[in-house]
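# Close look at the chain arrangement
The chain contents come next:
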Amino acid sequence: MADPTRPTRPVRILLADDQPLLRTGFRMVLGAEPDLDIVAEAGDGAEAVELSRRLLPDVVLMDIRMPRMDGVTATRAIVDARLPVRVLILTTFDLDEYVVGALRAGASGFLAKDVPAEDLVTAIHTVAAGDAVVAPRILRRLLDRFADVLPDPAASPPKTLSTLTDREREVLVQVARGLSNAEIARALSVSETTIKTHVGHVLTKLGLRDRVQAVVLAYESGLVRPGA
């Protein structure tokens, strides 16, 4: 029986990396998947933006550090153009000054290049379906980076969060801690469908693109703090 969570047509992918050997490796791994279709390759950020406009892939696998235009700038250009294209950042750098910028620019996920093949395939399908992914170790280091600049937890919550119901705030906290919808549903003893609805309301009320931006907002606002 077909997996109802998988698309009825292959996910169209654009590979953007300045190292041909790495692009070849990704093409070999992903090309073996019948529900993934690599439509083009780009050697720099500017080419990735041009190909995204012309080919409209479902997902761009984007390196961070590339010549002519880096991955953050390219991601922002793709998102600002309102293209129906999702960006999944792949990098050898777990966390540097580019990570927060990439997420704020609208990237739908962030993974290390040494991610297991099966995890990469799952992440591509997740991002193509409109959700977001961040590797756990990258999320932990991202939160450590926020630790020294977060607002006082005793302060009043930002006005933007006041639009959320108590349950929606509770769900946002769990999302910020990296839990999936299924895990949140178990923790709160409700159905996964209910959690999906709550997450949708949170994103809509706060004007957020996806779960990644929800995580960033939750920590920047002080709603959740590292180690809490």
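Check the entry above for the structure.
Residues numbered from 1 in each chain as written. Predicted model: local features only at pLDDT ≥ 70, side-chain atom pairs only at ≥ 80, totals over all residues. Heavy atoms only, no water.

### Section: the pattern of salt bridges
Inspection of the entire model under this criterion finds nine salt bridges. The residue Asp58 makes a salt bridge to Arg9 at a minimum N-O spacing of 2.9 Å. Here Asp58, found in the loop between helix H2 (45–55) and strand E3 (59–62), pairs with Arg9, found in the segment before strand E1 (11–16); they are 49 residues apart in sequence, far enough to count as distant. Under the relative-accessibility criterion, Asp58 is labelled buried at 16%. Linking Lys113 and Asp17 is a salt bridge whose minimum nitrogen-to-oxygen distance equals 2.6 Å. (Salt bridge = Lys/Arg side-chain N within 4 Å of Asp/Glu carboxyl O. Helix = DSSP H or I, 4+ residues; strand = E, 2+ residues; numbered from the N terminus. Buried < 20%, exposed > 50% of the residue type's maximum accessible area, 1.4 Å probe, protein only.)

### Quick word on unusual backbone geometry
Phi is positive for Leu56, which is not a glycine, with a value near 50 degrees. Residue position: Leu56 is located in the loop between H2 and E3. On the accessibility criterion, Leu56 (38% relative accessible area) is partly exposed. Non-glycine residue Ser189 carries a positive phi angle of around 60 degrees. Here Ser189 shows up in the loop between helix H8 (181–188) and helix H9 (192–206).

### A short note on the packing of helix H7 (residues 166–176) against helix H10 (residues 211–220)
Viewed as axis vectors pointing N to C, H7 and H10 meet at an angle of 100 degrees, and their least axial separation amounts to 9 Å. By the angle class used here, H7 and H10 are roughly perpendicular. Across the interface between the two elements, Leu172, Val175 and Ala176 from H7 touch Arg211, Ala214, Val215, Ala218 and Tyr219 from H10. Taken together, the residues of the contact of H7 with H10 break down into seven nonpolar, no polar and one charged. (Axes fitted to C-alpha atoms, helices over the stretch in contact; angles between N-to-C directions. Parallel < 35°, antiparallel > 145°, perpendicular 65-115°, else oblique. Contact = heavy atoms within 4.5 Å. Nonpolar A, V, L, I, M, F, W, Y, C, P; charged D, E, K, R; others polar.)

### Some remarks on the nonpolar core
Core analysis: the biggest nonpolar cluster contains 26 residues, and Leu14, Ala16, Val60, Met62, Ile78 and Ile89 have the highest contact counts within it. Sorting the residues of this core by element identifies E1, strand E2 (36–42), H2, E3, helix H3 (71–80), strand E4 (86–91), helix H4 (97–105) and H10 as the ones contributing at least two each. Beyond its immediate stretch of four places on either side in the chain, Val60 contacts Leu14, Ala16, Ser52, Ile78, Val85, Arg86, Val87 and Leu88. By size, the runner-up hydrophobic cluster in this structure holds 22 residues, among which are Val171, Val173, Val175 and Tyr219. (Core = buried A, V, L, I, M, F, W, Y, C linked by side-chain atoms within 4.5 Å.)

Interpretation note: all reported values are geometric properties and have no functional meaning in isolation.
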